[in-house]
Amino acid sequence: MPHKNIMTKIGIRFDDITPTMNWNNFYKIQKVMDELSIKPLLGVVPDNRDDNLKVDTENKEFWNWIRKSQENGYCIAMHGYQHLYKTKRAGIFPVNHFSEFAGENAVLQNRKILAGKKIFDKYGVNANVFMAPGHSFDKTTIRILSQQGFQYISDGYGKHVYTRKDSPIKFIPIMSGEECLGEGYELTTAVFHLNTCDRNMLRNCEMFLRKNQKNIVPYSDFFRYESGLQSVGERMEELLLANRLRRKMQKRRIARRFGRN
Ligand SMILES: [Zn+2]
């Protein structure tokens with residue numbers, strides 16, 4: 001088993017980074033990342049309006065902290081605009097049937113993406129990566145992101161960085177399970193949601209970072225990888241993965257509702 005893990009490069013991604021996120025959890029993991037020199041991707045919501053992401057009191061130094069993180073080698077992704085789900089569409093990577101973008105018309109999508117960018121510009125934050133809340137985006141989103149200068153979407157399934165037909169945007173795939181650390185996988189991204197982590201889940205996150213330290217690379221390393229066009233077979237696997245993730249998340253939501261989380 002372990003010898004198969006040697007080649008796959010792992011990027012680390014944290015979702016739902018906002019001024020009111022779970023700072024206790026983040027600082028605990030950040031300590032570990034400092035110790036192991038890990039440089040992750042932070043998915044920052046430019047103008048969070050989602051009450052589910054209001055866990056802690058507001059950090060007034062948030063944007064300074066983001067800028068410092070950036071100077072420290074962290075990558076910043078724009079994680080939607082307000083993190084509000086406006087449609088019941090799943091989009092291209094159908095993990096969730098709710099979206100801030102998928103199914104909205106081009107004018108609206110463009111307005112949201114521009115507004116998010118404007119906030120980032122105002123605070124001196126550079127982002128060439130986009131990650132959609134709920135993983136849901138559609139062809140219109142991809143086209144607009146590309147027009148607005150984004151180069152990458154952190155999402156989807158693949159063993160390499162890939163492009164889709166008719167789009168110059170590159171996809172940096174995410175992982176759903178240990179098999180993504182296996183043979184043939186050039187790279188993958190481990191995704192963590194620290195807002196909802198209890199002590200056990202935090203410990204699992206820390207253990208993952210320690211166990212895979214040798215394979216973890218700064219997320220920005222992925223920008224140097226060549227991309228290939230996604231094949232039909234890979235697209236099929238992507239849809240299977242979306243299905244698996246959807247079930248995993250549903251289970252987690254049910255567990256949370258019954259207080260087992
Ligand atoms: Zn999110």
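Everything below is about the structure shown above.
Fair warning: this is a prediction, and the values are worked out from it, not measured in the lab. (Residues numbered from 1 in each chain as written. Predicted model: local features only at pLDDT ≥ 70, side-chain atom pairs only at ≥ 80, totals over all residues.)

Caption draft 1: Up close: the pairing of strand 3 (residues 75-78). The side-chain alternation of strand 3 yields two buried faces, one formed by Cys 75 and Ala 77 and the other by Ile 76 and Met 78. Two elements, strand 2 (residues 41-44) and strand 3, share 4 bridges in a ladder whose sense is parallel. Its bridge partner lying in strand 3, Leu 42 is registered against Ile 76. With helix 2 (residues 62-71) bridging strand 2 and its parallel neighbour strand 3, the resulting β-α-β unit is right-handed. Of the pairings in the sheet, the one linking strand 3 to strand 4 (residues 129-130) comprises 2 bridges and is parallel in character. Pairing of Met 78 across the sheet is with Phe 130, part of strand 4. What joins strand 3 to strand 4 is helix 3 (residues 106-122), and the crossover it makes is right-handed. (Buried ≥ 20, exposed ≤ 12 C-beta atoms within 10 Å, placed from the backbone. Helix = DSSP H or I, 4+ residues; strand = E, 2+ residues; numbered from the N terminus. Pairing = 2+ DSSP bridges. Right-handed = clockwise from strand over helix to strand, strands pointing away.)

Caption draft 2: Helix 4 (residues 139-147), seen in detail. All of the buried residues along helix 4 are Thr 141, Ile 142, Ile 144 and Leu 145. Buried-residue contacts for helix 4 involve helix 3, strand 4 and strand 5 (152-154). Backbone geometry just after helix 4 places Gly 149 at a positive phi near 95 degrees. (Contact = placed C-beta atoms within 7 Å.)

Caption draft 3: The nonpolar core, seen in detail. Counting residues in each nonpolar core, the largest one holds 61 residues, and the members touching the most others are Leu 42, Val 44, Ile 76, Ala 77, Val 129 and Phe 130. Non-local contacts of Leu 42, meaning those with residues more than four positions away in its chain, are made with Phe 14, Ile 17, Ser 69, Tyr 74, Ile 76 and Ala 77. (Core = buried A, V, L, I, M, F, W, Y, C linked by C-beta atoms within 7 Å.)

Caption draft 4: Summary view of the sheet that holds strand 3. With mixed pairing, 9 strands are arranged side by side in an open sheet as 8-1-2-3-4-5-7-6-9. Each end of this open sheet is capped by a strand with a single partner; those strands are strand 8 (187-192) and strand 9 (227-229). Here strand 1 (residues 9-17) pairs with strand 2 via 3 bridges, running parallel. Note on strand 2: the bridge partner recorded for Phe 14 is Leu 42.

Caption draft 5: Spatial organisation of unusual backbone geometry. Non-glycine residue Asp 16 carries a positive phi angle of around 60 degrees. Relative to the helices and strands, Asp 16 resides in strand 1. Judged by C-beta crowding, with 25 C-beta atoms within 10 Å, Asp 16 ranks as buried. Even without glycine at this site, His 83 takes up a positive phi of about 60 degrees. Here His 83 lies in the loop between strand 3 and helix 3. For His 83, a count of 23 C-beta atoms within 10 Å translates into the label buried.

By themselves, these are just geometric observations and shouldn't be taken as functional.
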